[in-house]
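# Reading the structure
Spelled out, the chains give:
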Amino acid sequence: MSSVDVECLIVGAGPVGLTLACQLQRYGVSFRIVDKLDGPVIRTKAAAIWSRTFEFLSQLGLEKEFLEAGLHCCSANLYSEGKRFLKLHFETVDSFYNFVLMIPQHATERLFREELAKKGVEVHYNCGLSSLEDLGERVTVGLSNGETLTCRWLVGCDGAHSAVRRALGLQFAGEKLDSNWVVADLYLEQAAMDEEIMIVMHDSGPTALFPLGDMFYRVVAQVDEMAEAGDFESAAGALRRLFAERVADLATMGEIKDAGYFAIHERQVEKYQKGRVFLAGDAAHVHSPLGGQGMNTGMHDAYNLGWKLGLVSKGLASEALLETYNEERFPIGKKLVQATSFGTKMITQRQPLVAALRKQAAKILTQLPVVQHKARDTLTEVNIHYRSGPLSKEPDCFPRAWRFKKGVRSGERAPDAVVTSNGRETRLMYHLTGCRFHLLLFGGEEQDCWSAFAAWVERVREKYSELVQIVWIGVDEASPPSAEGELHLIDQSEELHHLYAATEPSAYLLRPDAYVAYRSQSLKAGELDDYFKSWS
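Right, let's walk through the structure included here. (Residues numbered from 1 in each chain as written. Predicted model: local features only at pLDDT ≥ 70, side-chain atom pairs only at ≥ 80, totals over all residues. Heavy atoms only, no water.)

## Thoughts on the overall build of the chain
Under the convention used in this document: Strands here mean DSSP runs of E at least two residues long; helices mean DSSP runs of H or I at least four residues long; both are numbered from the N terminus. In this treatment the radius of gyration is a C-alpha quantity, and the globule benchmark scales as 2.2 Å times the residue count to the 0.38 power. Accessibility here uses a 1.4 Å probe with only protein chains present; expressed as a share of the type maximum, an area under 20% marks a residue as buried, one over 50% as exposed, and anything in between as partly exposed. Two residues form a contact once any of their heavy atoms are found within 4.5 Å. Reported accessibility uses the Shrake-Rupley method at a 1.4 Å probe radius. Residues are deemed covered only where the shown protein chains occlude them.
Across its full length, the chain holds 14 helices and 26 strands. Computed over C-alpha atoms, the radius of gyration of the chain comes to 24 Å, within 12% of the 24 Å expected from 2.2 N^0.38 for 536 residues, which places it in the range of a compact globule. Each principal axis of the C-alpha atoms in the chain carries an extent, and together these give about 70 × 60 × 40 Å. Going through the 536 residues of the chain one by one, you find that 56% of them count as buried. Taking the contacts inside the chain whose residues are at least 6 apart along the sequence as the reference set, 71% of them involve residues at least 24 apart. Working note: accessible area of the chain is about 22,900 Å², and carbon and sulfur atoms make up 50% of it.

So, in structure tokens, the structure goes:
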């Protein structure tokens, strides 16, 4: 590898670029993060952080900061004809963060910047991309401040109008939806459901109200016509009219602080990687804001790419690992674009017959527990998986416990539960913050339960000690044959054993982003080598 100025250049300092910066900082990857803007923009923009995203924030060590800065919203209410027909509770989501954190995007960005500043990292503003050239072993970049630098990788997190994407010559295929929208930040003088999401279905179009605390709301609504995007007076007038028509029985509008128009585009780039350059977030995919998934999905892109860049930078993985970024994240983006497109077209359809059928179907289907469960898990993103991805491998056979086969599968999000460590109550995920894989070894009550892991443990200590951390999980105080640097957690309630279907000695290999990579009960020595051989 030729010498470079930094290993990674991040173009774009929004939530996606800042998430990646925090990831790379944890892994010790040298990087710079630049943005063409003059400085931080104080706008609400994306305002929802869902459960799975918050789990990533916890891994980054930012749980406390975000919990204190945002509003914990525990339910969403859907109304039609002035009456509520659904209250969707988030408390039943299978996550310790069973809520949506409502927080303005500028606050999210500020918390990330403050975390980076503690580590001596600053965002370089007035510094956009002017040119790039991928030379095979490095990328040469020209910046708008006149500077030229070289980097090992470049990641474009620079939004829907991405300069990085244009420089790569990649198509951003898609379309503009045939609907107009107004968005605003405003105060309500009263609301039927304070500090809860309210979505009002109406024959003239939907209106959504998202609480940000102290009766301050983000409001998004469909309108018939729209003026220039930044026409405050026109947008404010449209809001007052639609409030009177659609929302008057549920909320009273107060002062409007900001308002404007927007149109919805749904597009996706054909590939998230070209050579040594990657795209993430809106630079790779844009879609309807239905469900508030956009920023979260972009942050997931960054988190997925970040740990892979980190391991390759450390020499713990080959660059073949980086190719799995597109293989894993492109299908997620494609599915999201398709789902939000379908949903938006359904709720904005004005034809009387279609609207009438939609209204009746919504009232019936949303009462079904299975529909509510699917909606909760989709919104909170806890059901995102990589089961068919290149890094997910199931064992060739399930030799003993049939329940294990029906347990959490490779590619799925790893379950969390309360455990005990050194006499103190804690959670499994609080211990999986290291920048490597974690091998969970589930023992049982049998006196010699730990002996089943001998071959795997020997292999990890011999060959994968830098890449994999061993985590022994027992049901009592009996000490496993652990070595220095390995963890011992006690699952006294056996909840964790139940969640992982570990009725007998079982092993789960977790990726750095807490998805299951591989699982086994046969525990043969060669299984780990078989898993890692393609990219380690």
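Next, the rest of the story.
## Here we look at the pairing of strand β21 (residues 424-427)
The line we're drawing: For two strands to be treated as a pair, DSSP must find no fewer than two bridges joining them.
The sheet contact formed by strand β20 (residues 418-421) and β21 spans four bridges and is antiparallel. Following the sheet pairing, Ser421 is matched in β21 by Arg424. Where β20 folds back on β21, the antiparallel hairpin that results is connected by two residues, among which Asn422 adopts a positive phi of roughly 50°.

## Some details on the sheet that holds strand β6 (residues 83-89)
The condition that has to hold: With axes taken as lines fitted to C-alpha atoms, and helix axes fitted only over the stretch in contact, angles between N-to-C directions fall between 0 and 180 degrees.
Strands sit in the order β6-β5-β13-β14-β15-β12-β16-β19 across an open sheet of eight strands; the sheet is mixed. The sheet is open, and its two borders are formed by β6 and β19 (285-286), each paired with just one other strand. Strands β12 (172-191), β13 (197-201), β15 (216-223), β16 (251-269) and β19 of the sheet are contacted by helix α8 (residues 323-348), whose axis makes an angle of about 125° with β16.

## Description of the sheet that holds strand β7 (residues 100-102)
Pairing within the open sheet is antiparallel, and its three strands lie in the order β3-β7-β4. With partners counted over all chains shown, the strands left at the sheet margins are β3 (48-49) and β4 (71-73), one partner each. For β4 and β7, the ladder comprises three bridges, and the chain directions are antiparallel. Among the inter-strand pairings, Leu71 is bridged to a residue of β7, identified as Met102.

## Looking at the packing of helix α2 (residues 51-59) against helix α7 (residues 294-313)
Operational definition: Should an angle fall under 35 degrees it is called roughly parallel, over 145 degrees roughly antiparallel, and 65 to 115 degrees roughly perpendicular, with every other angle called oblique. In this scheme, a crossing is called left-handed if the near helix is turned counterclockwise away from the far one by less than a right angle; it is called right-handed if the turn is clockwise.
The N-to-C vectors of α2 and α7 enclose an angle of 40°; their axes lie 10 Å apart at closest approach. Relative to α7, the element α2 is oriented oblique. Crossing geometry of α2 relative to α7 is assigned as left-handed. Counting all contacts with α2, which are made through Arg52, Thr53, Phe56, Leu57 and Gln59, the residues of α7 involved are Asn296, Met299, His300 and Tyr303.

## Examining the pattern of salt bridges
Keep this limit in mind: Definition used for salt bridges: Asp or Glu carboxyl oxygen within 4 Å of a side-chain nitrogen of Lys or Arg.
Applying the stated criterion to the full structure yields 29 salt bridges. Note that Glu68 and Lys64 form a salt bridge whose closest N and O atoms lie 3.0 Å from each other. You can see Glu68 and its partner Lys64 sitting in helix α3 (residues 63-69), four residues apart, about one turn around the helix. Like Glu68, the residue Lys64 is exposed in the burial classification. Shared partners join several salt bridges into a network, and the residues in it are Glu7, Arg152, Arg276 and Glu319.

Just distances and angles here, no functional claims.
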